[in-house]
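Listed below, chain by chain, are the residues.
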Amino acid sequence: MPLIDTVEPSPSAAFDMRELRDCFGAFYTGVTVVTTTDDAGRFYGTTVNSFSSLSLDPPLILWSQRRVAATFPVFGAARYFAVNILSEDQVEISRVFSSSSPDRFAGVKTQPGLGGVPLILGCSAYLQCSRETSYPGGDHEIFVGRVEQIETMKRAPLLFGAGSYRTSQPLQASISQ
């Protein structure tokens, strides 16, 4: 009779939430603002660094949002959304969209995207997506989007890590593909 490996329940975490946040912060990410509209055509947006590519075929991306976020019900119901990849001169836009400001789009120049979703002008790139599905992920919801349209500019992206905004500087010449 073969032996069956049993997995013991993991002991309670030997770290606190601040240590976990600091550890996560060691991984530098790009900064995005995910935007959408509601049924009345009102604009919504939130700063997100949990964005990631998921699949090339089909073209899928993912991002996550806390379920207690004020905009969560709107994003949960949205048919379309856009991932606005911020450029290095858009720190203030990142701050505004991560705040609790009631009108985050005040003074922000946009153009209409797929389904009327606002695209923030001056970004490094845009991914316009239709909602594919979503999954629970702890205190967050993971949204999967099918990439419908893209646009890439020649602008350096904004980065975030270790608790502060950063700019990208190449270490060496780009690798040819």
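As a starting point, this report considers the structure included with it. Remember, it's a predicted structure, so these values are computed and weren't measured experimentally.

## As for the side chain of serine 94
Locating serine 94 in the fold gives a position in helix H3 (residues 91-97). Looking at serine 94, the relative accessible area reads 1%, which means it is buried. In terms of polar contacts, serine 94 uses its side chain to reach the side chain of tyrosine 165, at 2.7 Å. Those residues within four positions of serine 94 in sequence are excluded, and the remaining contacts are Val31, Thr47, Leu86, Leu158 and Tyr165.

## Structural notes on the sheet that holds strand S12 (residues 164-167)
As summarised here, the arrangement of the three strands in space is S1-S11-S12, forming an open sheet in which the pairing is antiparallel. With partners counted over all chains shown, the strands left at the sheet margins are strand S1 (29-30) and S12, one partner each. Bridging between S1 and strand S11 (residues 158-161) involves two bridges; their strand directions are antiparallel. Bridge pairing in S11 links threonine 29 to phenylalanine 160.

## Observations concerning the layout of surface pockets
A volume near 1500 Å³ is recorded for the largest pocket. Lining the largest pocket are 36 residues, and of these Arg21, Asn49, Ser50, Arg66 and His140 lie nearest its centre. The set of elements that each furnish at least two residues to the lining of the largest pocket consists of helix H1 (17-25), strand S3 (43-48), strand S5 (60-66), H3 and S11. With seven residues, H1 is the largest single contributor of residues to the lining of the largest pocket.

Here is what the cut-offs are and how they apply
- Residues numbered from 1 in each chain as written.
- Predicted model: local features only at pLDDT ≥ 70, side-chain atom pairs only at ≥ 80, totals over all residues.
- Heavy atoms only, no water.
- Helix = DSSP H or I, 4+ residues; strand = E, 2+ residues; numbered from the N terminus.
- Buried < 20%, exposed > 50% of the residue type's maximum accessible area, 1.4 Å probe, protein only.
- Polar contact = N/O pair within 3.5 Å; in protein donor to acceptor, adjacent residues only side chain to side chain.
- Contact = heavy atoms within 4.5 Å.
- Pairing = 2+ DSSP bridges.
- 1 Å grid on protein atoms, 1.4 Å probe; cavity = no way out; pocket = protein on both sides within 12 Å on 5 of 7 lines; lining within 4 Å.
- Points joined across faces, edges and corners; volume = space filled by probe spheres on them.

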